[in-house]
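Reading the structure
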Amino acid sequence: RHREVADFLPSYSFQDNRNLSTWGFTPKYIVEKSLWNHFNKLIFGLDFYRSESDVDSVSGFSGLNRSEVTKKSVGLYLLDEFSILENVILSFGYRNEWVTYDLFQQTPVLRERVREQEPAWNIGIDYLFDKRSSAFFSVKRSFRFPVSDELIQFFPTFRVNPAMKPQTGYHYEAGVRHSFTDWLEANLTLFWADLRDEIFFNPVTFTNENFPKTRRQGVEVGAKIKPLPWITAWGNYGYIKPTLREEPFSGNDIPAVPRHKGSLGVDIDFGKGFVLNTKMNLVGSCHFISDWRNQLGRLDGYYTLDSKLSFTWKGLKAFVGVNNLFNRKYVEWATTNAAGTTQLYYPSPGRSILGGLSYTF
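On a predicted model such as this, the values are computed, not experimentally measured, just so you know.

Reading the values: rules and limits
- Residues numbered from 1 in each chain as written.
- Predicted model: local features only at pLDDT ≥ 70, side-chain atom pairs only at ≥ 80, totals over all residues.
- Heavy atoms only, no water.
- Salt bridge = Lys/Arg side-chain N within 4 Å of Asp/Glu carboxyl O.
- Helix = DSSP H or I, 4+ residues; strand = E, 2+ residues; numbered from the N terminus.
- Buried < 20%, exposed > 50% of the residue type's maximum accessible area, 1.4 Å probe, protein only.
- Pairing = 2+ DSSP bridges.

**Some thoughts on the pattern of salt bridges**
Inspection of the entire model under this criterion finds 15 salt bridges. With a shortest N-O distance of 2.5 Å, arginine 113 and aspartate 102 are connected by a salt bridge. One end of the pair, arginine 113, is in strand β7 (residues 110-130); the other, aspartate 102, is in strand β6 (residues 88-105), with eleven residues separating them in the sequence. Ionic pairing is found between aspartate 182 and arginine 132, a salt bridge with its closest N-O pair at 3.4 Å. Placement of the pair is aspartate 182 in the loop between β11 (167-181) and β12 (184-202) and arginine 132 in the loop between β7 and β8 (133-144), with a sequence separation of 50 residues. Residue aspartate 182 is classed as exposed on the basis of its relative accessible area, which comes to 71%. In this structure arginine 132 comes out as partly exposed when scored by relative accessible area, which is 43%. Residues joined by salt bridges that share partners form a network here, namely Asp54, Asp56, Arg66 and Glu68.

**A short note on the pairing of strand β13 (residues 207-228)**
Across a regular strand the side chains alternate sides, sitting on one face of the sheet and then on the other. Bridge analysis of β12 against β13 gives 18 bridges, and the strand direction is antiparallel. When the bridges of β13 are listed, glutamate 198 appears paired with phenylalanine 211. Connecting β12 to the next strand, β13, in antiparallel fashion are four residues, including phenylalanine 206 with a positive phi near 55°. Here 13 bridges tie β13 to strand β14 (residues 231-244), and the two strands are oriented antiparallel to one another.

If you want it as structure tokens, here you go:
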């Protein structure tokens, strides 16, 4: 459950109290059985989720109000991995998802229902050219349904945005993973993604809209070294070129997408089930949200350090961790108004402590 209070100020004051609950049922079944004397692994399952959001609000133009949004989604999927040859694996996956949004508002009275459905699929091939080395290529179709806040128009009235469409995309990846020795391995991946109807907020209309065409292309590299049996050091870096592909902004960077990202980490195994993981996250600068023309300065990059101590014993797993260990002050998200004259910053969380406990039987 999640509660929050927000202030939204175009020219009116707005305050809301939100209560969000989500529950799900996600069974799956795995079958490993040879076909024509070739290894085959089949996974199929069902994902069912139901989310309810109740919003009690006070605003300068409508007074006290209450709205309710219920979202239900059902997804059926399967994934099959088939060894064409002993060292060549063909994979195929398919998913179809149906989603229903039920909306209610107290004043003025509004009741609406929206239904959507989208498929996703992937085809990939892996060539194992060594015991721990492989080359791969894959093609995927993806989708993303709008979340409730993206689907609904709150201004000037509460209603479903009739122009909102699901976001879809085609993704292409090729790469290689190679183990040079027992203690050194590296990987390289080239990727290309063309998205249609990507969902963005438009500060001119105060609503979320679909941007017709965007593209992300780039490269990811990584390496892992294990100088001693109980210690592993690793790092990765990604460069991405995020491009808007529709006039009048064609060729500009997609707002809020940094071109550079990376991380460095050290994992120490103390034995007796205790493992310490430490990771530094590095994120480059990016353009402000809604700065379609790329005319404003860039939001500064940042880095944080996270650490986690975990313990495993038989079916028991427990961990305690600290994110942003040094309590650095940074901003992950910042936006601008329609005129580009005002920048709004959303400070990211400071130091936070988390923990968890699970048991498998």
